[in-house]
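Working through the structure, step by step
Next come the chains, spelled out residue by residue.
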Amino acid sequence: MMPASQWELPPELCCRPMAFVALTGLDVVYNAVHRAIWDAFCVNRRADRVPISFKVLPGDHEYPKCRTKRTSYEWYIPKGILKTGWMNKHLNLVPALVVLFYELDWDDPQWKEKQSECATKVEIVRTSLQGRNTKVAVVLIQKKTPLPPGEDLVASERAATLCNACDLSGKSLFVLPHTDHLVGYIIRLENAFYEHAQTYYYTEIRRVKSHKEFLNKTTHQLLFVRHQFKIAFFSELKQDTQNALKYYRTAYSLVHELRAHETNTLEIKTMAGFINYKICRLCFQHNTPLDAIAQFRKHIDLCKKKIGSSDLAFEHAAWMSKQFHSFGELFDEAIKLGLTAIQTQNPGFYYQQAASYSQDRKQLAQQLCQAGEKYPPSELGDNQIGGLDFYGQRQWRQGHQSIEPPDAEKEKTGIWALQIKERDVPHSELIIALLSNAVAQFKKYKCPRMKSHLMVQMGEEYYHAKDYTKALKLLDYVMCDYRTERWWGLLTAILTTALRCAYLMASVKDYIIYCIELLGRASELTDEQKLRIKKNLIKVLMNDIPDPEPECDMSSEGVARALWNDRMASAGSKVLTIEVQDYIPFIQCKAKFQSPSFHVDQPIQLQVFLRADCPHPISFNKLAVILSNQEYNQWCVVECAGQETMSLLPGKPNCHNFSFVAKTEDVGKKIEMTGIELMLGSDTGRCVFLSWRGAGGDAASTHEALQASRSSRRWGRGMEARRAMDWDSVTMQHSTMVISRVPKMSVQLSHQPPALNNEMYCINITVQSQEEVLAKNVKLTAGLKPGQDANLGQTTHVTLNGSKVCDDTAPALLPDIPMGDLKPGEKLERSVYVKCVSTGSRVFLFHVAYSIDTTVEGRQIVCKCHKDDTVTIETVVPFEVSVKFVSTKFEPLDRVAEDIPFLLMTDVLSLSPWPLLLASSSLQLLTMNTNTPRLQSQMQEVVLQTDECASECFCLRCPLLANSNNTVATGQYLISWRRKSASANSPLIQTAVTLPHVILESVPLYIHAELPSYGRVRESLSVRYHIENRTSLVQEVEMAVEPSDAFMFSGLKQVRLRILPGSEQQMLYNYYPLMAGYQTLPQLNISLPRCLTTNTHTLRRFLPQRIFVKPQGRQLDDASIAAA
């Protein structure tokens, strides 16, 4: 039958069709085993189990009787398309399979009796299913786990006997052991039941198809639709959705081939809606949403003009609404299952269209259902509307298929009954529910304008439903968007509705707000309408009842007037504060400080501009500016005395000026306008404070200011002369800064940049007063300016004492250095010394603070003044020190031999732009020893200009070390220096340069030579070689002297000798030079057979390689000398 609301789709149509299997023989209440079996079938079913609907029925349950099969359709005239109970019958009443559960083991001692009892129960089931094709199966509940097939011969024999007794095939007998694996057995049973059900529905499909040959298209058009629908439905039960979709499509085409007239239009539309729902549902299920949308559009195009009876036109609107609503739900359900929707195609559009048809239904009902008022419902009778045999038919003419109604009077009475029933339908609730669904969808898919549009409709429906509180809540929310986007026409319409709501619920504050906005520049009402609203507003301000709003519900006006009487008579507060910042009131307000900053010795001035946008003058009693420091508020108030008021003329700006003197404690602080209040009304009636946040402005001010700036740029500044004051050109300045008095003090700095690293850099500060009165308590703050890199603060030290080098405890900034009082024109000087440990750029601050007595607008105040000066000083390295190790022959060394002299050479390169005085230098050695008795600086009182270099040389020796570390630290090179231009008592700066580490090597044999500094051609030259064994072993030494073209020599050319540990052996050679100039000495080849790691080159490096040979001299006689 039709649902409670005839436009609701029946639940059996909307559910997923599943095969119906009846279970008998289970006592789920008193038998625990049976209960466990039933729970395994129906509790916690996973999605991967076969789709079957199970129901426990008693063994003697009476199933629906099967009608006698029709053998001929020759004289049969169908009375309708689809019976209302047919789908429910095959879903819940007629099973595809009846399963009998019976407790029987194969070895039961009473096998014969129980076999007979089981056969009897099967026969009872078959009898109750007389005429149906429903399958019957038996499940034996056994306590033991069965053996594998073929092994239990008794079980096989008795199973065959039981099948014969029950007239069952072997495939219809099952065994269910009640063991720990019950769920697994149940799932296997389900699969077998599902196969039997498939067979049943396949048989039913063939049975329905077999009727086709008996039908003709003249009288059996309805049967063609019915049979195609049944085949499709059975296919769904069989889970063959592809074929189901095909048959539903055929049924849909056939239903529109039916000849439509006024008496069967509803039935055709109803069946078309059912079939369309099935087609769309299956298309979404098959993941073909475009096919579903195309089918729905086709469905709407075919049915939207099939209105039927004009007296029941609201029914067509209701049916159309339900079609869109159902499709929107299908679409939304598909999205939840993974379908992707887009902004231009989402369920919201279908919910919106459903709401639109519901609104049409409401209007048609209001037009058509008035006629029924003259017939009381009792006269019409309740029996005109009741259960139906076929979907979509009228109760008073069921089964009637002719064009003309059988009884005109009964037809008229039935229509009246439907009209009266329609009057009781809560149309607004239906519309609101659909609009709410649409709003949720448009919000989800980010369609803000569609959402706002529908929320307005919801608010209007709440208004018609007399739920004014919800209507105002929705309309208030939407008005914010329309104000921002400047839809003035829409905003005016919404405000008008909101004003009616506020009047009908007697909400004083809301009523005043909407009056204020409807009188403003955003309202598109006429001047006459605005005048009426203004009069009502004045009445409310005078604590009187306003006149009713036009188009208000007459029945609600009396209630509203009573509410207003209560509001006006109440003893509550008569003061209201309205925050108008988010509205567009009829009074505009802009305020500004006349300057972004004021000196503390100047009065702070601000202006408040007001303009009335209503077409008539408006009066107010008080204007106040609220500042962040409330002590100044008393100076920024203008108030009327007695009965006087201040007026604003339409469109004419009004300016109010305020001024006050800032306190000296507020120097460096910001003074802000936190709000502006304008009072309407009076104490004798009702006071309404219009409150603007900050410096004024409202919801439209920002956009208007932007438009004004664009216009001024486009047309130039010549247009400013049009009016005395252009309102749009007035800018808001909500804050100002109180700054200190302009100092009349000069600060001069004298220094010689750049600063040198680690020096005591002197900066001379000269402070001179240019004040006309005494400057008191002058203080100097000098040092590194705060806010720079934190590392600079740790490497910069400032002091006033320049006679010694300050340590690391000295601060980077010296605060509040007292300098006493300064008379007019007096001058003070101070020196500040800065030590910069690291290089780089630094900003130094010199802050001179003092106080002075002055008078502002007759008030004596003490002004604190300060003068800041900053200077950026670059710190550079004064000099660069390079160090190298060389042998006694001035050859570079990468390794140093133990206990063998070598040279340390230092070079100091001046990088300073100023001359440097190098006072002295010294070495601090760690592991090395000097090879000279006293180590004396070779750079004493040396002056270096830019890029000049000073060098030193030290002879060192590394003693033998006990540890095995081959890398040792050398020590430090200390240089004492200062600027040449510094005074004599300036401290010397000592710079320590860490000397590089040296790599030591152990030499087994040390060879050095004694020879004169030069030789002479053909004069004998004695060379003595000293060979020392520095190992703890006896060393064998093989020596050979290579011949040379520049020398002849005498001595052992090749010798092999042994040297004891710690001993020394000497070898003497006489070289006879043959050529003059720098000559290479004969090479001495030495090898140590017992120390293979030492080669000749390693030992030879300690020996001199060359010597200077002078030419042979001549003997000068006396004559030669005399001639010279």
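Residues numbered from 1 in each chain as written. Predicted model: local features only at pLDDT ≥ 70, side-chain atom pairs only at ≥ 80, totals over all residues. Heavy atoms only, no water.

Concerning the overall build of the chain
The secondary structure content of the chain amounts to 25 helices and 47 strands. Taken against the 2.2 N^0.38 rule, which gives 32 Å for 1124 residues, the C-alpha radius of gyration of the chain at 57 Å runs more than 25% over that of a compact globule. Across the 1124 residues of the chain, 46% fall into the buried class. Restricting the contact set of the chain to residue pairs at least 6 apart, pairs at least 24 apart contribute 74%. Working note: accessible area of the chain is about 56300 Å², and carbon and sulfur atoms make up 50% of it. Of the charged side chains in the chain, 126 are positive and 119 negative, and the gap between their average positions amounts to 4 Å. (Helix = DSSP H or I, 4+ residues; strand = E, 2+ residues; numbered from the N terminus. Rg over C-alpha atoms; globule rule 2.2 N^0.38 Å. Buried < 20%, exposed > 50% of the residue type's maximum accessible area, 1.4 Å probe, protein only. Contact = heavy atoms within 4.5 Å. Areas by Shrake-Rupley, 256 points an atom, 1.4 Å probe, with all protein chains shown as cover. Lys, Arg positive; Asp, Glu negative; His and termini not counted. Charge placed at Lys NZ, Arg CZ, Asp CG, Glu CD.)

Quick notes on the side chain of Gln323
Relative to the helices and strands, Gln323 is located in helix α11 (residues 313-336). Each residue touching Gln323, except ones within four places of it in the same chain, is listed here: Gly273, Asn276, Phe296, His299 and Ile300.

Points about helix α21 (residues 554-569)
Given 3.6 residues per turn, any residue in an α-helix points the same way as the ones three and four places further on. Under the 1.5 Å per step criterion, the end-to-end length of α21 is 24 Å for 16 residues, consistent within 8% with the ideal 22 Å. Ser556, Glu557, Ala560, Trp564 and Met568 are the residues of α21 that are buried. The arc enclosing the buried residues of α21, seen along the axis, measures out at 105°, which places them on a common side. Along α21, the residues that are exposed and aim more than 90 degrees away from the buried face are Val559, Asp566 and Ala569. (Expected span 1.5 Å × (residues − 1). Arc of directions from axis to C-beta.)

Structural notes on the sheet that holds strand β38 (residues 1005-1010)
Within the open sheet, the four strands sit side by side as β38-β40-β44-β42. Their pairing is antiparallel. Looking along the sheet, the strands with just one partner apiece sit at the ends: β38 and β42 (1047-1050). Recorded for the sheet is a direction-independent mean angle of 30° between the axes of neighbouring strands. By the bridge criterion, four bridges tie β42 to strand β44 (residues 1064-1073) in an arrangement that is antiparallel. Its bridge partner being in β44, Ser1050 is matched across the sheet by Asn1070. (Pairing = 2+ DSSP bridges. Axes fitted to C-alpha atoms, helices over the stretch in contact; angles between N-to-C directions.)

Structural notes on the state of the cysteines
Here, disulfide denotes a covalent bond that connects the sulfur atoms of two cysteines. Counted according to the given criterion, the structure contains zero disulfides. Note on Cys14: no disulfide assigned, nearest cysteine sulfur contributed by Cys15 at a separation of 7.8 Å. Not engaged in a disulfide, the cysteine Cys614 finds its nearest cysteine sulfur in Cys515; these two sulfurs lie 12 Å apart. (Disulfide = S-S within 2.5 Å.)

A closer look at the pairing of strand β5 (residues 173-177)
The buried fraction of β5 is high, at four of five residues. In this sheet, β5 lies alongside strand β4 (residues 135-142) in parallel orientation, the contact comprising five bridges. Across the sheet, the residue bridging to Gln142 is Pro177, located in β5.

A word on the packing of aromatic side chains
The full count for this structure, using the stated rule, is 36 aromatic pairs. Note on Tyr200 and Tyr201: the rings are 5.0 Å apart at their centroids and 70° apart in plane angle, and the pair reads as edge-to-face. For Tyr201, a relative accessible area of 0% gives the class buried. Between Phe327 and Tyr350 the ring centres are 4.8 Å apart and the planes differ by 65°, which places this aromatic pair in the edge-to-face class. In this pair, Phe327 is assigned in helix α11 and Tyr350 in helix α12 (residues 347-368), connecting sequence segments 23 residues apart. The pair formed by Phe327 and Tyr350 is uniform in burial state, with each residue classed as buried. In textbook terms, an aromatic cluster arises when at least three aromatic residues are bridged by ring pairs, as seen for Trp86, Tyr200, Tyr201, Phe229, Phe233, Phe234 and Tyr248. For Lys246, the ring lying beneath its charged end belongs to Tyr247, and the centroid distance is 4.9 Å. (Phe/Tyr/Trp six-rings, centres within 6.5 Å; stacked < 30°, edge-to-face > 60°. Lys NZ or Arg CZ within 6 Å of the ring centre and 35° of its normal.)

Thoughts on the environment of His227
Structurally, the position occupied by His227 is in helix α7 (residues 221-237). Taking the C-alpha atoms as reference, His227 lies 113 Å from Asp947; in sequence the two are 720 residues apart.

A closer look at the pattern of salt bridges
Following the criterion strictly, the structure yields 34 salt bridges and no others. With its nearest N and O atoms 3.5 Å apart, the salt bridge here joins Arg611 to Asp613. Taking relative accessible area as the criterion, Arg611 reaches 15% and is therefore assigned buried. Taken together, the shared-partner salt bridges in this structure form one network comprising Arg521, Arg611, Asp613 and Asp698. (Salt bridge = Lys/Arg side-chain N within 4 Å of Asp/Glu carboxyl O.)

What to know about the nonpolar core
Grouped together as the largest cluster of nonpolar side chains are 196 residues, with contacts concentrated most on Ile587, Leu606 and Leu690. Once you skip the residues sitting within four places of it in the chain, Ile587 turns out to touch Leu610, Arg611, Ile618, Leu648, Leu678, Leu680, Leu690 and Trp692. (Core = buried A, V, L, I, M, F, W, Y, C linked by side-chain atoms within 4.5 Å.)

Focus on the pairing of strand β30 (residues 916-925)
The sheet contact formed by β30 and strand β32 (residues 942-944) spans three bridges and is antiparallel. The residue of β32 that forms the bridge with Leu918 is Val942. Pairing geometry for β30 and strand β35 (residues 971-979), over nine bridges, is antiparallel. Paired with Leu918 across the strands is Trp977, a residue of β35.

Observations regarding a nonpolar patch on the surface
A surface patch of nonpolar side chains, amounting to about 320 Å² of accessible area, comprises Tyr1014, Tyr1078 and Phe1108. Within the secondary structure layout, Tyr1014 lies in strand β39 (residues 1014-1016). (Patch = residues over 30% accessible without salt bridge, like charges linked within 9 Å, V, L, I, M, F, W, Y side chains within 5 Å.)

Comments concerning the packing of α12 against helix α15 (residues 427-444)
In contact at an axis separation of 8 Å, α12 and α15 are set at 160° when each is read in the N-to-C sense. Here α12 lies roughly antiparallel to α15, going by the angle between them. Crossing of α12 over α15 shows left-handed handedness. Facing Pro347, Gly348, Phe349, Tyr351, Gln352, Ala354, Ala355, Ser358, Gln359, Arg361, Lys362 and Ala365 of α12, the residues of α15 in contact are His427, Ser428, Leu430, Ile431, Leu434, Leu435, Asn437, Ala438, Gln441 and Phe442. Here the residues of the contact of α12 with α15 are counted per class, giving twelve nonpolar, eight polar and two charged. (Parallel < 35°, antiparallel > 145°, perpendicular 65-115°, else oblique. Left-handed = near helix turned anticlockwise from the far one by under 90°. Nonpolar A, V, L, I, M, F, W, Y, C, P; charged D, E, K, R; others polar.)

Points about the environment of Cys953
Within the fold, Cys953 resides in strand β33 (residues 949-957). A relative accessible area of 26% means that Cys953 is categorised as partly exposed. Among all residues touching Cys953, those that are not within four sequence positions of it are Leu903, Leu904, Met905 and Gln938.

Comments concerning the sheet that holds strand β20 (residues 760-769)
In space, the four strands of this open sheet follow the order β18-β20-β24-β22, with antiparallel pairing throughout. The open sheet is flanked by β18 (745-750) and β22 (796-799), the only strands paired with a single partner. Ignoring which end each strand starts from, the neighbouring axes of this sheet average 25° apart. Bridge analysis of β22 against strand β24 (residues 827-836) gives four bridges, and the strand direction is antiparallel. Counterpart to Thr796 in the pairing with β24 is Cys836.

Here's the deal with the side chain of Thr970
Relative to the elements of secondary structure, Thr970 occurs in the loop between β34 (967-968) and β35. The exposure class assigned to Thr970 is buried, which follows from its relative accessible area of 0%. Among the polar contacts made by the side chain of Thr970, one reaches the main-chain carbonyl oxygen of Pro996 at a distance of 2.7 Å. Among all residues touching Thr970, those that are not within four sequence positions of it are Phe885, Gln924, Leu925, Leu926, Thr927, Met928, Leu995, Pro996, His997 and Val998. (Polar contact = N/O pair within 3.5 Å; in protein donor to acceptor, adjacent residues only side chain to side chain.)

Considering the environment of Cys515
Looking at the secondary structure, you find Cys515 in helix α19 (residues 508-518). Look past the residues within four positions of Cys515 in its chain and what remains in contact with it is Leu499, Ile533 and Leu537.

Section: the confidence of the model for the chain
Across the chain, pLDDT averages 86, with 93% of residues at or above 70. Counted against residues more than four places away or in other chains, residues 376-386, with its pLDDT under 50, gives 18 contacts. Low pLDDT, under 50, characterises residues 715-724; the stretch is placed with two contacts to residues that sit more than four places away or in other chains. (pLDDT = per-residue confidence, 0-100.)

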